Every structure is written in C-alpha cells, then in structure tokens.
Amino acid sequence: MDKHTMQVLQDVSAHKEAIIHKVRQQIQHEPVMAKSKWIYRVVTMMITCSILLFIAWQAAKPMDELVTQDEGEPPTFTKFFQTEVEGKDTAYSNFLPLANYLSQAKHIQYYAPLQGLEAMQSVATSLEDVVHLTDPENLPFQPNIQEVYAVSAQMEDGSKQTQFQFSFKEKSSTGVDLQFINFTVTNVKYNPLASYVKSKNMEETLGMNVSNIGLNFMNPLYYREMLPERGYLYIYYNYDEADKRIYQMATRANEFYSYYNGYVYHIGYQLDGDPQEVQEKMAILARDFILGE
Amino acid sequence: MADHEKFEQLMAIHTEQLFRIAYYYTKDLQIAEDIVQDVFIKFYHQKHYEERGEMKAYLVRMTINKCKDYLKSWAYRKITFQHKFFTKQKLILQDTLIRQDEQALLDDAILRLPLKPREAIVYFYLEEMTIKEIAELLAIPEGTVKSRLKKGKELLKVELQHIEWEVLFHG
C-alpha cells in the first residue's frame, strides 16, 4: 500500500518556513514578554493579598453581623454600681418594637444611678470604646442633672444584658424634666436591625416619620421625629430617691436608634429651640457618642 | 549543542508532521500554522523538559490537545456556523469540480469524517502509524483503535461508493 498524502499537504515547505519564522520572531520578543508577565503576576498577587487582608480585617472586626461576640457584655459595671434598688420593667422605644428587646428580660437588677459628670466619665471609660461621652459644654442646653443608670438582666436565651443610660437633664424645682437627652446603650446578642425593613405602609398608616440618616458608610442610624399629635411613648429611667426605686418615665421624644459592634444605641431627647437646628446638632452628638469621631 | 540550536533542529525535524496533524483536525491551513507555532513557543518556555527519546510523541500530543481545544472554542464554532450558512452555494460548485479528481475527493471524504474515526484513519493510513502507536498516542485501548478504523472505513465506503480505492476495500 502506498502512503496516501492529502493533496493540500503534499508540499508544506512554505507553511513550515512560515511557522519557523513566526516562532523565531516570538522567541526574540520573549524576554520583554516574560518581564511584563512577571509584573502582571506581582500586581495580581498584591491585589489578591489586599483583598484577603481586607476580608480578614472585616472578619476580625464585624460591623453589622447577625451574631455578636460575648465581648459585648460589660463585666465590670458592679464596680461602680453597688447599691441595688427596686424597679420594674425596662426602658424601650414605643416606635421601634426592635428596641423592646429588653422585654424578654428575666431577673432584672436595678442600681441606684451615679450622679455627676465624673461618675459618668468613669462608667464610660470602663466601657472602653463602646461609648464616647459628650462634653456637657457641647450640648445644646445647660443640664443641671448629669447621671448614669445601670440595669442588668438575664435574657431568655441565657445571655446577660446590661443597659446603661447616660442622662443630661434640666430638671425643674418641682422635679419635672424640662429638657433632657438620654444616651442609652445595651449589649445584645443579635443585631435587631439585621431583619428590620423600613415599611412605608406602616409609616403612612401610623403617621410615623422614620428616616435613616446613616451612622457611617455601613451602618444605619434611624431617626424618628417627635410628633405633637401622636402619642408614641418614649420611656426612660428615672430615680425616686425617697422610695429608692427606679421607675419608667413615659413621655414623647425625638429618637435615634442604631446598632454598632454588639450594642444597641437608643438616644432620646426633648429640647427647646428650632427643631431642625436641634436635630442637626443631635445627629452629630449621636454619631460622636457611638463612634467617638 | 546550545539550547537554541537544539530547538532549531527540533523545529526543522517535526514541523511538517505537526502541521499535517493539525490540519487533519482543523481542516484549515492557517489555523494549523498558528497551532503548530503555539506548540513550539509553549515547548520553548517549558525549559524543564528533557529529551528522553519521546520528543516526537510529546510534541504530537501537545498539537492534538491544542487542536481539540480549538475545536471546542467559540472561534471555531463561529467559523463553522459562517461556513455552513454563508458558503453553501459555493461549496456545491466546488464539490462538482472536485469530483473530477478522485484523490481530492478522498481527502475531502476523510476530512468530513467524525473526529474519532478520522483520527484513526489519518494516523493509520496517512501517517503510517501502527495500531499500538495510535493507541499510545490517543491513550485508548488498541481494540478501540481497531473499531474506530473499521467504522471510519465503513463511513468512507458509503461516501466513496463509486470509487475503487484499494486501501479501503482491500486494507
């Protein structure tokens, strides 16, 4: 049998020359090519490492995860709050059911509030980076009462929760809170805002006006304006010195609400002055209190 | 002998055969050229390869793999599509002319075979490789090579009913 060769392949010398010529040309450019490939590899490696480092950093410092770490639980507050007093129920916001997380609390312990800025600063310092106490001079009013409350509770899921309320108040001689700002911070096991979706229908039905003014680029800071015609309760702690008991003061207030690094921040205020100007100042104070910026 | 000289010698020896093999798969002279060129450049960069008497088989395998990659590629499918729908009329005319040349007709019939029987036919009849060599090259059992050869011949017989080609009918 003779070897069969396809007609088109009978003389391939021209193709052979072309191939060898092209290969030689390519190889002559090879050092330059190799150098550029090396640069690409280095750049790719650097980008990959940066992304991995960013992911690792994010994992190490969770900003808005569903489950927070136990480190959110402040262990040393009893060093300051040594006098246990009577009390009933816990403070919460009526407009955001999310803030009512403490309603699950069992075995609640109430402590006599500590008076004065120095005591407030000591407690704030013990909480490390959780709160950043505002200098009273920066407040939009002159408080005559500065106090800090602590309420601790055992939750249904077994976690321990402590709520601190840093209060600046202008109290009348008859004991009425004429103006006030309460910064309340509570350690929580779950982020209550993770499943929160603002419902426009709900807002329209209930006449609420909730807006997200943003804590930072990742976390929300919700704001609800107090409406004179609506009776949404804002409840905060007050202290009856005579009876040695903590009671809930129910009133109306403008409220900020946020979650950051394992803590729920709830800030309520009722202040005189232009509502818009006050709201702008309070938004800055709220962010400062949470982030310390 | 310097590496560069060895490489030049290698190209001088193997280019023609690799080009033919690439053509059997791609049926396109220009693509076959490009594939063989790529094979040599890739080989040049694989400085770790040491010649142990398997150079030819190694290069052929590289060529086959590159051809199969090309046949799976979008570029090839696009060309096939264009060929099918835009040059149908031209092909009919060409076919008529080719029928005048039995050898060209046979070439055309081989290239029209499905890939697996085509591989067996071209390596056995055109490259004169043994069944064992084909089996090693394609990493398939010898029995499979034989059955693919048989199927290839049957398909060619159907295609070339009116032509008496001794290899096919008596091989």
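Everything numeric in this text was worked out from a predicted model, so none of it was measured. Once a new chain begins, its residue numbering starts again from 1 and follows that chain's sequence as written. Chains and ligands are labelled sequentially in the order written, the chains with letters from A and the ligands with numbers from 1. Residues qualify for local features only when their pLDDT is at least 70, as the model is predicted, and side-chain atom pairs are given and counted only at 80 or more; totals for whole chains, interfaces and linings, by contrast, use all residues. Just so you know, side-chain values use all the structure's heavy atoms and leave hydrogens and water out.

**Considerations on the pattern of salt bridges**
Oppositely charged side chains can form a pair if their charged atoms are brought close together.
Thought 1: Every case where a carboxyl oxygen of Asp or Glu lies within 4 Å of a side-chain nitrogen of Lys or Arg is listed as a salt bridge. On inspection of all chains with the given rule, the structure shows 14 salt bridges over all chains.
Thought 2: When the shortest N-O distance is used, the salt bridge between Lys22 of chain A and Glu33 of chain B registers 3.1 Å. Within this pair, whereas Lys22 of chain A is found in helix α1 (residues 13–28), its partner Glu33 of chain B is found in helix α2 (residues 29–45), the two belonging to separate chains.
Thought 3: Salt bridges here are not isolated pairs; linked through shared partners, they connect Lys22 of chain A together with Glu33 and Asp34 of chain B. Helix numbers and strand numbers start at the N terminus; a helix is a DSSP run of H or I with at least 4 residues, a strand a run of E with at least 2.

**Brief notes about the packing of aromatic side chains**
Thought 1: Ring geometry is summarised as follows: Phe, Tyr and Trp rings, the Trp one being its six-membered ring, pair when their centres sit within 6.5 Å, and such pairs are stacked at plane angles under 30 degrees, edge-to-face over 60 and tilted between the two. One pass over the full model with this rule turns up 19 aromatic pairs over all chains.
Thought 2: Through a chain of ring-to-ring contacts, the aromatic side chains of Phe166, Phe168, Phe183, Tyr263, Tyr265 and Phe289 of chain A assemble into a single cluster.

**Points about the interface of chain A and chain B**
Thought 1: A contact between two residues is defined here by any heavy atoms of the two lying within 4.5 Å. Residue-level contacts link 21 residues of chain A with 32 residues of chain B.
Thought 2: Buried area: the accessible surface (1.4 Å probe) lost by two parts on joining, summed over both. Of the roughly 2,800 Å² buried where chain A meets chain B, counting both sides, 67% is carbon and sulfur surface.
Thought 3: In this assembly, chain A and chain B are joined by four salt bridges.
Thought 4: What qualifies as a polar contact is a pair of N or O atoms within 3.5 Å, subject to a donor-acceptor requirement within protein and to the restriction that residues adjacent in sequence count only when both atoms come from side chains. In this structure, the connection of chain A to chain B is made through five residue pairs in polar contact (both at pLDDT 80 or more).
Thought 5: In terms of residues, the side of chain A that touches chain B owes the most to one element, α1 of chain A, which gives 10 residues.
Thought 6: Residues were grouped as follows: Ala, Val, Leu, Ile, Met, Phe, Trp, Tyr, Cys and Pro as nonpolar; Asp, Glu, Lys and Arg as charged; and all remaining residues, including Gly, as polar. A per-class count over the side of chain A that touches chain B returns 10 nonpolar, six polar and five charged.

**Describing the sheet that holds strand β6 (residues 210–212) of chain A**
Residue and element names in this part refer to chain A.
Thought 1: A pair of strands is labelled paired if DSSP reports no fewer than 2 bridges between them. Judged by pairing direction, the sheet is mixed, and its 11 strands sit side by side in the order β6-β7-β10-β11-β5-β4-β3-β2-β1-β9-β8 without closing on themselves. Since the sheet does not close on itself, it has two edges, and those belong to β6 and β8 (234–240), each with one partner. Strand-to-strand twist of the sheet, defined as the mean angle between neighbouring strand axes without regard to direction, takes the value 25°.
Thought 2: Across nine bridges, strand β4 (residues 160–171) lies against strand β5 (residues 177–187) in antiparallel orientation. When the sheet's bridge partners are listed, Gln165 is paired in β5 with Thr184.
Thought 3: Fitting a line to C-alpha atoms yields each axis, with helices limited to the stretch in contact; the angle taken between N-to-C directions then spans 0 to 180 degrees. Its contacts with the sheet place helix α3 (residues 117–126) against β2 (106–115), β3 (145–154) and β4, and it is angled at close to 155° to β4.
Thought 4: Lying over the sheet, helix α5 (residues 275–291) contacts β4, β5, β7 (221–224), β10 (254–260) and β11 (263–270), oriented at roughly 150° with respect to β11.

**Some remarks on the UniProt feature "transmembrane region" (unreviewed entry) in chain A**
Thought 1: UniProt positions are given in the numbering used here, feature names are shortened, and annotations may be inferred rather than shown by experiment. Taking the UniProt record as the reference, the feature "transmembrane region" (unreviewed entry) is found at residues 38–57 of chain A.
Thought 2: Along residues 38–57 of chain A, the helical share is 100% and the strand share 0%, with 28 Å between the first and last C-alpha atoms.

**Let's talk about helix α8 (residues 131–138) of chain B**
All names here are of chain B.
Thought 1: Of the positions making up α8, those classed as buried are Ile131, Ile134, Ala135, Leu137 and Leu138. Buried positions in α8, seen along its axis, are confined to an arc of 165° and lie on one side of it. Across α8 from its buried face, at more than 90 degrees, point the exposed residues Lys132 and Glu136.
Thought 2: Elements in contact with the buried residues of α8: α1 (3–26), α3 (55–72), α7 (115–126) and α9 (142–159).
Thought 3: Two residues or fewer past α8, Ala139 is found with a positive phi of approximately 55°. Relative accessible area decides the class of each residue, using a 1.4 Å probe on protein chains only: under 20% of the type maximum gives buried, over 50% gives exposed, and in between gives partly exposed. Taking the helix axis as origin, the arc is that swept by the directions to the C-beta atoms.

**Some words on the packing of α1 of chain B against α3 of chain B**
All names here are of chain B.
Thought 1: Viewed as axis vectors pointing N to C, α1 and α3 meet at an angle of 35°, and their least axial separation amounts to 10 Å. At the point where α1 passes α3, the crossing takes the right-handed sense. Residues Leu10, His14, Gln17, Leu18, Ile21, Ala22, Tyr25 and Thr26 of α1 lie in contact with α3, whose contacting residues are Met55, Lys56, Leu59, Val60, Thr63, Ile64, Cys67, Lys68, Tyr70 and Leu71.
Thought 2: Taken together, the residues that form the contact of α1 with α3 break down as 12 nonpolar, four polar and two charged. Helix crossings fall into two classes, left-handed where the near helix is turned counterclockwise from the far one by less than a right angle and right-handed where it is turned clockwise.

**Let's talk about the packing of α1 of chain A against α2 of chain B**
Thought 1: It is the contact of α1 of chain A with α2 of chain B, at a shortest axis distance of 9 Å, that shows an interaxial angle of 40°. Comparing the axis directions of α1 of chain A and α2 of chain B gives the class oblique. Here α1 of chain A and α2 of chain B pass one another in a crossing that is right-handed. Residues His15, Ala18, Ile19, Lys22, Val23, Gln26 and Ile27 of chain A of α1 of chain A touch α2 of chain B, and the partners they reach there are Leu29, Gln30, Glu33, Asp34, Val36, Gln37, Phe40, Ile41 and Tyr44 of chain B. For classification, angles of less than 35 degrees are called roughly parallel, those exceeding 145 degrees roughly antiparallel, those between 65 and 115 degrees roughly perpendicular, and all remaining angles oblique.

**Some thoughts on unusual backbone geometry**
All names here are of chain B.
Thought 1: In this structure, Glu128 is a non-glycine residue whose phi angle is positive, near 55°.
Thought 2: With respect to the element layout, Glu128 can be found in the loop between α7 and α8.
Thought 3: Even without glycine at this site, Ala139 takes up a positive phi of about 55°.

**Observations concerning the pairing of β3 of chain A**
Residue and element names in this part refer to chain A.
Thought 1: β3 sits mainly inside the fold: eight of its 10 residues count as buried.
Thought 2: Across six bridges, the pairing between β2 and β3 is antiparallel. Within β3, the position partnered with Tyr111 by the bridge is Ala150.
Thought 3: Here β3 runs beside β4; their pairing, made up of 10 bridges, is antiparallel. Across the sheet, the residue bridging to Ile145 is Lys169, located in β4.
Thought 4: Hairpin geometry of β3 and β4 is characterised by an intervening segment of five residues between the two adjacent antiparallel strands and by a positive phi of about 95° at Gly158.

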